[in-house]
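Inside the fold
Each chain is listed here by its residues.
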Amino acid sequence: MRGTVARMATPSPSPTVPARAPTLSLAQARRLALAAQGFADPRPAPGAATMRHVTRVVDRVQVVQIDSVNVLTRSQYLPFFSRLGPYDPALLDRARDGAGPRARTGRRLVEYWAHEASLVPPSTWPLLTFRMEQARERAWSRSFAQTHPELLEAVRTVVREHGPLTSREVEAHLPHGAGRSDEQWGWNWSAVKHCLELLFWSGEITSAGRTTSFERRYAAPEVVLPAEVVARREALAHEDPQEAVTELLGISLRAHGLGTQRCLADYFRIRGPRVARGLEELEARGEAERVRVPGWTDRPVWRVPGMRVPRRVPGAALLSPFDSLVWQRERTEGLWGMRFRLEIYVPAPQRQYGYYVLPFLLDEELVGRVDLKADRAAGALVARAVHWEPGVDIRRAAPALQEQLELMARWLGLARVDFAKT
């Protein structure tokens, strides 16, 4: 560039483990991770879970991933089943939707891009302002805004005046035709949806929940969120993102219990030099400390100082393939020895374990995985394949898996468990 000198950013030095850092065994690290994620908390009796129990899970995991695949049930419902057992999914809907579509109170969760499309506590939403600002600067966002400025403004106005609305309801409010050519405006469902997603990603609008058919209901933030949350988002838009990144890493550490820099950053999909600086700041504040975990990794592992390691974390749970316990694949393999990968988008003949595979947690270990499908027409929960990890005592593990499958079947309103013949 003429008149300037291009300078490379100096990368932060790789963190090291202090010589006198505490050492945790692999078993202790697993128990700490499970406790942080809520698996050491007592389950309520089947069907007895209340909003207090749902809120407890939210407080533990902080981020609940959403996914549209519905071969079993929507993925956001499964982490609560894994930690609470059979519960009323309407409790989660109420935590997401509050007392009503335009309610600014009572809403314990709101949707945004956190890990992926996710539900997070409203207090976390403004911490992602840097991502909203980045969305405005993405090339495709700027290009679309420049080529469709009037449509974008029309969609923004409809949502602010009439929301919450689904994308189809937004389209119904728009003046079709009105002398505007399809070629110029792209005046169809996909263009309107494109506008809505751009506005949602940039934080100009938010979600007031989802319909039963999984359609997002768009609304202005001030309709959905408390005034102080909206105000903080506006303030953070003018501040250095570092403090927000540090706060997000603190949330990630508390939700993980302990983790490497990579898995702590992955919780909110944060990248770049702000991650290392954020961890340094958490250490300086006494909110994180480096430890050794032989058998997991030679890299530094950060943990929450003073967090108690349970003596045992007994119990069994089927985990969503999108459960936050197993998001970061390197972490899952390092802590539990399971190489877990999603195969939803792998062609069927090339799948190793199946389409919708749930890891099976038993007494602190990931002992197997089961490919599940809810066959509602037949009234059956179908286990299409079961794969046990090497060395597992199947005589002990198989009855525990059967019990969890039967619990899940009843929770889903299915009459029985079927095992597909192979």
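Residues numbered from 1 in each chain as written. Predicted model: local features only at pLDDT ≥ 70, side-chain atom pairs only at ≥ 80, totals over all residues. Heavy atoms only, no water.

Naming follows an unreviewed UniProt entry, where the protein appears as Winged helix-turn-helix domain-containing protein of Ornithinimicrobium pekingense.

**Re the overall build of the protein**
Selection criterion: Only DSSP runs of H or I with at least four residues qualify as helices, and only runs of E with at least two residues qualify as strands; both kinds are numbered from the N terminus onward. Taken over C-alpha atoms, the radius of gyration is set against a globule rule of 2.2 Å times the number of residues to the power 0.38. When accessible area is computed with a 1.4 Å probe and restricted to protein chains, residues below 20% of their type maximum are described as buried, those above 50% as exposed, and intermediate ones as partly exposed. Here the Shrake-Rupley method, with its probe set to 1.4 Å, supplies the accessible areas, and only the displayed protein chains count as covering residues. Neither His nor the chain termini are counted; the positive set is Lys and Arg, and the negative set is Asp and Glu. Throughout, a charge is located at the NZ atom of Lys, the CZ atom of Arg, the CG atom of Asp or the CD atom of Glu.
If you tally the helices and strands in the protein, you get 17 helices and 13 strands. By the compact-globule yardstick of 22 Å for 422 residues, the protein fits well, its C-alpha radius of gyration being 23 Å. A buried classification covers 54% of the 422 residues belonging to the protein. Taken as a whole, the protein presents about 19,600 Å² of accessible surface, with 50% of it coming from carbon and sulfur. Both charge centroids of the protein, one from 59 positive and one from 48 negative side chains, sit 4 Å from each other.

**Focus on the side chain of R369**
Formally: Polar contacts here mean pairs of N or O atoms no more than 3.5 Å apart (in protein, one a potential hydrogen donor and the other a potential acceptor; neighbouring residues in sequence count only if both atoms are side-chain atoms). Note on contacts: a residue pair qualifies if any of its non-hydrogen atoms lie within 4.5 Å across the two residues.
Relative to the elements of secondary structure, R369 occurs in strand β11 (residues 365-375). Residue class for R369 comes out buried when judged on its relative accessible area of 4%. Of note is the side chain of R369, whose polar atom sits 2.9 Å from the side chain of E389. Residues contacting R369, with those up to four places away along its chain left out, are M338, R339, F340, Y353, V357, L358, P359, F360, A385, V386, H387 and E389.

**Description of empty space enclosed by the protein**
The test is simple: Cavities and pockets are found on a 1 Å grid laid over the protein atoms alone: a cavity is a set of points where a 1.4 Å probe fits but cannot escape, a pocket is an open set with protein on both sides within 12 Å along at least five of seven lines, and a lining residue has an atom within 4 Å of such a point. Grid points are joined across faces, edges and corners, and a volume is the space filled by probe spheres set on the points. Charged residues are taken to be Asp, Glu, Lys and Arg, nonpolar residues to be Ala, Val, Leu, Ile, Met, Phe, Trp, Tyr, Cys and Pro, and polar residues to be all remaining types, Gly included.
Under the counting rule described, the total for this entry stands at 3 cavities of 30 Å³ or more. What the largest cavity holds in volume is close to 50 Å³. In terms of residue class, the lining of the largest cavity is built from 7 nonpolar, 1 polar and 2 charged.

**Some points on the packing of aromatic side chains**
Keep this limit in mind: In summary, the pairing rule links any two rings of Phe, Tyr or Trp, Trp by its six-membered ring, whose centres are within 6.5 Å, and it sorts them by plane angle into stacked for under 30 degrees, edge-to-face for over 60 and tilted for everything else. Two thresholds decide whether a charge sits over a ring: the Lys NZ or Arg CZ must be within 6 Å of the ring centre and within 35 degrees of the ring normal.
In total, this model carries 8 aromatic pairs according to the counting rule given. In this structure an aromatic cluster arises from ring pairing among F80, F81, Y87 and W411. Looking at R216, its charged tip hangs above the ring of F200, at a distance of 4.0 Å from the centre.

**Digging into the nonpolar core**
Heads up, the condition is: For our purposes a nonpolar core is just a set of buried Ala, Val, Leu, Ile, Met, Phe, Trp, Tyr and Cys residues, chained together by side-chain atoms within 4.5 Å.
Counting 107 residues, the largest nonpolar core has L72, V155, L372, L381 and M408 as its most contacted members. For L72, the contacting residues outside a window of four places in its chain are L78, Y356, L358, L372, K373, A374, R376, L381, M408 and L412. In this structure, A29, V313, W336 and L366 belong to the second largest nonpolar core, which totals 23 residues.

**Quick word on helix α2 (residues 51-61)**
Turning to α2, its buried residues are M51, H53, V54, T55, V57, V58 and V61. Buried residues along α2 sit in contact with β1 (64-65), α3 (78-84), α4 (89-97) and α13 (242-256). In the segment just after α2, Q62 is the residue with positive phi, at about 70°.

**Concerning helix α16 (residues 329-336)**
Counting buried positions along α16 yields 6 of 8 residues, so the element is predominantly enclosed. Taken together, the buried positions of α16 are occupied by R329, R331, T332, G334, L335 and W336. Close packing links the buried residues of α16 with α1 (26-36), α13, β6 (258-259), α14 (261-266) and β11. Capping of α16 at its N-terminal end is provided by Q328; its side-chain oxygen lies 3.2 Å from the backbone amide nitrogen of E330. Trailing α16 by a residue or two, G337 shows a phi angle of about 75°, which is positive.

**Describing the pairing of strand β10 (residues 357-362)**
Definition in use: Whether two strands pair depends on DSSP finding at least two bridges between them.
Buried residues dominate β10, accounting for 6 of its 6 residues. Residue alternation in β10 divides its side chains into two sets, V357, P359 and L361 and L358, F360 and L362, and both sets are buried. Examined bridge by bridge, strand β9 (residues 316-318) and β10 share 3 bridges and lie antiparallel to one another. Directly across from A316, in β10, lies its bridge partner L362.

**Notes on the confidence of the model for the protein**
Keep this limit in mind: Predictor confidence is given residue by residue as pLDDT, running from a minimum of 0 to a maximum of 100.
The predicted model of the protein has a mean per-residue pLDDT of 90, with 91% of residues at 70 or higher. Segment residues 1-11 is flagged for pLDDT under 50; beyond a separation of four residues in sequence, or across chains, it makes 0 contacts in the model. Confidence over residues 177-189 falls short of pLDDT 50; this stretch has 21 contacts with residues more than four positions distant or in other chains.

**A few points about the pattern of salt bridges**
The condition is simple: Counted as salt bridges are all cases of a side-chain nitrogen of Lys or Arg within 4 Å of a carboxyl oxygen of Asp or Glu.
Under the criterion given, the structure shown has 32 salt bridges. In this structure, the salt-bridge partner of E330 is R299, at a minimum N-O distance of 3.0 Å. Of the two residues, E330 is situated in helix α16 and R299 in strand β8 (residues 297-303); the sequence distance between them amounts to 31 residues. The exposure class assigned to R299 is partly exposed, which follows from its relative accessible area of 39%. For R416, the salt bridge goes to D418, with nearest N and O atoms at 3.1 Å. Using a relative accessible area of 39% as the deciding quantity, one classes R416 as partly exposed.

**A look at the sheet that holds β11**
For clarity, the threshold we go by: Here, axes are lines fitted to C-alpha atoms. For helices the fit covers the stretch in contact, and angles between N-to-C directions go from 0 to 180 degrees.
Spatially, β9-β10-β11-β12-β13 is the arrangement adopted by the 5 strands of the open sheet, whose pairing is mixed. Each end of this open sheet is capped by a strand with a single partner; those strands are β9 and β13 (416-419). Ignoring which end each strand starts from, the neighbouring axes of this sheet average 30° apart. Pairing between β10 and β11: 6 bridges, direction antiparallel. Bridge pairing in β11 places L361 opposite L366.

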